[in-house]
Amino acid sequence: MTPPRRIAIIGNSLPRRCGIATFTTDLRNAISVSRPDLEACIVAMTDRGQVYDYPLAVAFQIKDGNLEDYTRAADFLNAGQFDIVCLQHEFGIFGGEAGAHILVLLSRLTMPVVTTFHTVLADPTARQRMVMERIVDLSSKVVVMADKGRELLRDIYLVPEDKIEIIAHGIPDVAFVEPDAAKARLGFEEKSVILTFGLLSPNKGIEVMIDAMPSILKRCADAVYVVLGATHPNLVRNQGEGYREGLMARARELGIDGQVVFLDRFVDLATLLEFISMCDVYVTPYLNEAQMTSGTLAYSFGLGRPVVSTPYWHARELLADGCGVLVPFGNASAIGNEIAKLLTDDARRQAMSRRAYAASRTMTWERTAERYMAVFETARQAHRPKLFARSDVGSPELRSPAPPDMQIGHFLSMCDDTGLFQHAVHSVPDRAHGYCVDDNARALLLACALNNPGEQPLPELLTTRFAAFVQHAWNPDTRQFRNFMGFNRTWLEDKGSEDSHGRTLWALGEAARSDLSPSRRRWAAALFAEALSTAESFRSPRAWAFILLGLDAYCAVTPDDLHAREIRLSLADRLMSCLACVETPDWVWFEEGLAYDNARLPQALMLTGVATKVPEYFDAGLRSLRWLMTQQTTAAGHFRPVGTAGFGEQRQRPRAFDQQPVEATATIAACLAAWRASGDAEWKAMAARAFGWFLGSNDLSVALVDSHTGSCRDGLHPDRANENRGGESVVCYLLGLAEMRQLARVNTSLTKPAALRAVGA
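What you see is a predicted model; the values in this text were computed from it and never measured.

(A) Representation of the overall build of the protein chain. The helix and strand tally for the protein chain stands at 28 helices and 22 strands. With respect to the three principal axes, the spread of C-alpha positions in the protein chain is 100 × 60 × 50 Å. Per-residue burial over the protein chain gives 59% buried out of 761 residues. Only carbon and sulfur atoms are counted for the fraction: they give 50% of the accessible area of the protein chain, which is about 29200 Å².

Dropping the structure here:
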């Protein structure tokens, strides 16, 4: 395999993260220098759409809170056929809770990803941990800049050792110089200069250094402390310049305001290096141990400046073996004493300078680029695009009982010349509650399912009635489908819910693909296209899932509808973002609670992943469905759908009752989608267990269906079955039965001798 030539680096263009921005642009430049044949670009993150004046060449910009930008960036990288994406990860750069939006981008990439973690938290929140773990899963290799980072990834996040690489923070390759010339150029001639650089914020410990200055001045009267850098933009946004003014006031109170110089500015790299070159001592008095990397520490070390620092993780490793001095956190006396000793001992200070410069030569950007290129090539060679299994993969080992015959007598009794009734009293249609588009859309789905080989299609007149109900439900004024209709054929609302709109689009998409009538297929496709745009503003994850199921069918027959394809990816990315924001090791789900039609969410992602060839969609759907099945399987091994009594509860195990047919049907479809794509026969067994719920393999050992009429009870209470047999229940049972009968036909075909299969016997 040829080594990677086109490399994209995802970084940050904000001065508030200038360490990341500098690292990103320097890495890109160093890679290009070390391999002139390479094409490297930068995808830059921006804050709320604002791009500061910072020298970062950007090929694509993402507003950190705009989810669609992450999708477009992935499309840009895929279309550009980049060989490698190098993600520079830091908390606070990416949008979404704990930066979850970046998962939307990563999950859509077709090339391998190498991620550099600038921070690895030892005590992450549940969301931070989940996002980190998903980034690791989506990356071929992960890079940290210190041994401590590797230790935390291995011990806290359980990342395999062979997936982690340590590459030190890069530094400019410049000659060692004494500070005098730079001091003269910057106006600090004849001064002993102590320097701190970075955006001002309370965690930097500047006040500790100011408190240390009086003791330093007693022993080195010409000392001056230069604080270079603007106030952190977030601090300015929330508090103005109060923090900087407080530091200046503190210096005045101590009578040292003439010896503490605040330079409130953003600086480019050349200016920064000039300031570092002129200092006699560089100080990082940070207050937090959990600082994995510091770009300014690396740069100061690489320019051979003596460093006095608190013992945060990066400093402890970099300044070992006499290459710098470590002092306790928040201890002004200790930091003042060590700096004064260095400023008054020229021989020791110069020896430390030379030692640091010599030790840093392996960290130059060219050496760093070589290390990264080696990791890129390893990732490239090991990358194997995930392939979905053939949908005809057989599992002859499954020996489930043959499903019942398809009986539609009760279904027919629940229909009149308007459509399908919502409810029944026992098995008698209940006209008092009229009709709804939800159930008639389901009935249209059933009509499509019964067009499969081996089934008897519904009467043409009946299918036409369901289509007519859907057409009449469309309200061109609101651009949404109405849902509820009284028995007198009067609509009870101007528009229905997002979920009913999504379910109707699903039925239309399937009708566009599977209806027996060419004219009705064209009608369904046209109405689907007309009603689709409204759904872009929907906020319901279930509506997104229903629409994705419809898009799976619609896009198969109208592949040139680019708008539909864009919406499909957008909705899938929204589900991915929901999962990323909520998922924890114990709660692998899209929402804080479980409700109805749960399995449709993983099913939608799996089908979308297969159709769009985005394995991460499929993986997320499979992962969440596997977790859902743990919640829907009893200790005895039978299926127990999520009970309605627990709707609205957050992060609780589902309640056992009331159990409804819609959950079993959704689970059957999702499990079979997982089997068709993965080839794992266990999913067929799970589908069979879910279907068994209808037949009596449930908590009460009560059959919910009448196999002679095809009726289905509305659910399972703690002590009995619900004897009413409404429209939703009968359609759900028949849809699940159609799935299982199709599976049985596939299994029968696959167990025939090859010669019989070849002739279609």
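(B) Main features of the side chain of Gln88. Examined against the element boundaries, Gln88 turns out to sit in strand S4 (residues 84-89). Overall, Gln88 belongs to the buried group, its relative accessible area being 0%. A polar contact is formed between the side chain of Gln88 and the side chain of Thr116, at a distance of 3.4 Å. In this structure the side chain of Gln88 is engaged in a polar contact, spanning 2.7 Å, whose partner is the side chain of His118.

(C) Focus on helix H11 (residues 295-302). Here H11 lies mainly inside the structure; 8 of its 8 residues are buried. Of all the residues in H11, the buried ones are Gly295, Thr296, Leu297, Ala298, Tyr299, Ser300, Phe301 and Gly302. At the C-terminal side of H11, Gly304 shows a positive phi close to 75°.

(D) Representation of the sheet that holds strand S15 (residues 428-436). Judged by pairing direction, the sheet is antiparallel, and its 3 strands sit side by side in the order S14-S15-S18 without closing on themselves. For this open sheet the edge positions go to strand S14 (421-425) and strand S18 (484-485), each flanked by a neighbour on one side alone. When S15 meets S18, the two strands line up antiparallel, connected through 2 bridges. Looking at S18, one finds that Cys436 is bridged to Phe484. Set on the sheet, helix H17 (residues 437-449) makes contact with S14 and S15; between it and S15 the angle comes to about 100°.

(E) Region of the structure containing the environment of Ala212. With respect to the helices and strands, the residue Ala212 is situated in helix H7 (residues 206-219). When sequence neighbours within four positions are dropped, the list of residues in contact with Ala212 reads Ala332, Ile335 and Gly336.

(F) Up close: empty space enclosed by the protein. In the structure shown here, the tally under the stated rule is 4 cavities of 30 Å³ or more. What lines the second largest cavity is simply Trp587, Gly593, Leu594, Val642, Gly643, Gly646, Glu649, Gln652, Arg653, Pro654 and Arg655. Grouping the amino acids of the lining of the second largest cavity by side-chain chemistry returns 4 nonpolar, 4 polar and 3 charged.

(G) Expanded view of the packing of aromatic side chains. Under the counting rule described, the total for this entry stands at 23 aromatic pairs. A centroid spacing of 5.9 Å and a plane angle of 15° characterise the contact between Trp506 and Phe546, whose relative ring orientation is stacked. Taken together, the residues Trp506 in helix H19 (residues 498-514) and Phe546 in helix H21 (residues 541-557) connect sequence positions 40 residues apart. Considered together, Trp506 and Phe546 belong to a single accessibility category, that of buried residues. Seen in terms of ring centroids, Trp587 and Trp627 are 4.9 Å apart; in terms of plane orientation they differ by 65°. Their pairing is edge-to-face. Here Trp587 is found in the loop between helix H22 (562-582) and helix H23 (600-612), whereas its partner Trp627 is found in helix H24 (residues 615-631), with 40 residues between them in sequence. One aromatic cluster is present, built from ring pairs that chain together Phe421, Tyr435, Phe469, Phe487 and Trp491. In this arrangement the basic side chain of Arg129 is found over the ring face of Tyr157, its NZ or CZ atom lying 5.8 Å from the centre.

(H) Summary view of the packing of helix H3 (residues 101-108) against H22. In the contact formed by H3 and H22, the axes pass within 8 Å of each other and the chain directions differ by 125°. By the criterion of interaxial angle, the relationship of H3 to H22 is oblique. Here H3 runs over H22; the crossing is right-handed. In this structure, H3 uses His101, Leu103, Val104, Ser107 and Arg108 to contact H22, whose residues at the interface are Leu569, Asp573, Met576, Ser577 and Ala580. Classifying every residue of the contact of H3 with H22 gives 5 nonpolar, 3 polar and 2 charged.

Calculation notes
- Residues numbered from 1 in each chain as written.
- Predicted model: local features only at pLDDT ≥ 70, side-chain atom pairs only at ≥ 80, totals over all residues.
- Heavy atoms only, no water.
- Helix = DSSP H or I, 4+ residues; strand = E, 2+ residues; numbered from the N terminus.
- Buried < 20%, exposed > 50% of the residue type's maximum accessible area, 1.4 Å probe, protein only.
- Areas by Shrake-Rupley, 256 points an atom, 1.4 Å probe, with all protein chains shown as cover.
- Polar contact = N/O pair within 3.5 Å; in protein donor to acceptor, adjacent residues only side chain to side chain.
- Pairing = 2+ DSSP bridges.
- Contact = heavy atoms within 4.5 Å.
- Axes fitted to C-alpha atoms, helices over the stretch in contact; angles between N-to-C directions.
- 1 Å grid on protein atoms, 1.4 Å probe; cavity = no way out; pocket = protein on both sides within 12 Å on 5 of 7 lines; lining within 4 Å.
- Points joined across faces, edges and corners; volume = space filled by probe spheres on them.
- Nonpolar A, V, L, I, M, F, W, Y, C, P; charged D, E, K, R; others polar.
- Phe/Tyr/Trp six-rings, centres within 6.5 Å; stacked < 30°, edge-to-face > 60°.
- Lys NZ or Arg CZ within 6 Å of the ring centre and 35° of its normal.
- Parallel < 35°, antiparallel > 145°, perpendicular 65-115°, else oblique.
- Left-handed = near helix turned anticlockwise from the far one by under 90°.

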